[in-house]
Amino acid sequence: MRVAGDTASVGITDHAQHELTDVVFVELPAMGRKVKAGEACAVVESVKTASDIYAPVSGEITEVNQAIVNDPAKVNSDPYGTGWFYKIKLSNPAELGSLLDPAQYGGQIGG
């Protein structure tokens, strides 16, 4: 997740896309949908499995990345760039404090 002001861009990590292998389908949330942190709001399907994508923070979906619906391989080839899923306007910025930083995430996945 990348935060700019009161908006966050949400996607999956490089580790997650690697574990999924080839992404073949992405279902994104509706624009304007309000979600709570931890709520399933998108789906990513690979040749191995389908997985829910959970909102890391609460807020309103302000933009979705139609490019990954049309070309799901972008999730694999550029998860931190063109492979983002949606943008969310934060309703509770304090929730950011409960998220893992890159070092904590790396420790959790053994990276």
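Our subject is the structure listed above.
*Asks:* If you had to explain the overall build of the protein chain to someone new, which residues and values would you point to?
*Replies:* A count of helical and extended segments in the protein chain gives four helices and eight strands. Listed by position from the N terminus, the elements making up the protein chain come as β-β-α-β-β-β-β-β-α-α-β-α. Relative to the globule expectation of 13 Å for 111 residues, the C-alpha radius of gyration of the protein chain, 13 Å, shows essentially globular dimensions. Counting only residues that meet the buried cut, the protein chain has 31% of its 111 residues in that class.

*Asks:* Report on the sheet that holds strand β5 (residues 40-46), specifying residues and quantitative values.
*Replies:* Ordered in space as β3-β5-β6, the three strands form an open sheet in which the pairing is antiparallel. Across the chains shown, the open sheet's two edge strands, defined by having one partner strand only, are β3 (23-27) and β6 (50-54). Each adjacent strand pair in this sheet contributes to an overall mean axis angle of 25 degrees, direction not counted. Direction of pairing for β5 relative to β6: antiparallel, over a ladder of five bridges. Within the sheet, the bridge partner assigned to V43 lies in β6 and is D52.

*Asks:* Quick rundown of the packing of aromatic side chains? Include the residues and the values.
*Replies:* For the structure shown, the criterion picks out zero aromatic pairs. Sitting over the face of the ring of W84, K87 holds its NZ or CZ atom 5.1 Å from the ring centroid.

*Asks:* Account for the pairing of β5, naming residues and giving values.
*Replies:* Pairing of β3 with β5, which is carried by four bridges, proceeds in the antiparallel orientation. Its bridge partner lying in β5, V26 is registered against V44. In textbook terms, the turn of a hairpin is the stretch between consecutive antiparallel strands, and for β5 and β6 this stretch comprises three residues.

Procedures and definitions
Residues numbered from 1 in each chain as written. Predicted model: local features only at pLDDT ≥ 70, side-chain atom pairs only at ≥ 80, totals over all residues. Heavy atoms only, no water. Helix = DSSP H or I, 4+ residues; strand = E, 2+ residues; numbered from the N terminus. Rg over C-alpha atoms; globule rule 2.2 N^0.38 Å. Buried < 20%, exposed > 50% of the residue type's maximum accessible area, 1.4 Å probe, protein only. Pairing = 2+ DSSP bridges. Axes fitted to C-alpha atoms, helices over the stretch in contact; angles between N-to-C directions. Phe/Tyr/Trp six-rings, centres within 6.5 Å; stacked < 30°, edge-to-face > 60°. Lys NZ or Arg CZ within 6 Å of the ring centre and 35° of its normal.

Keep in mind these values describe shape, not function.
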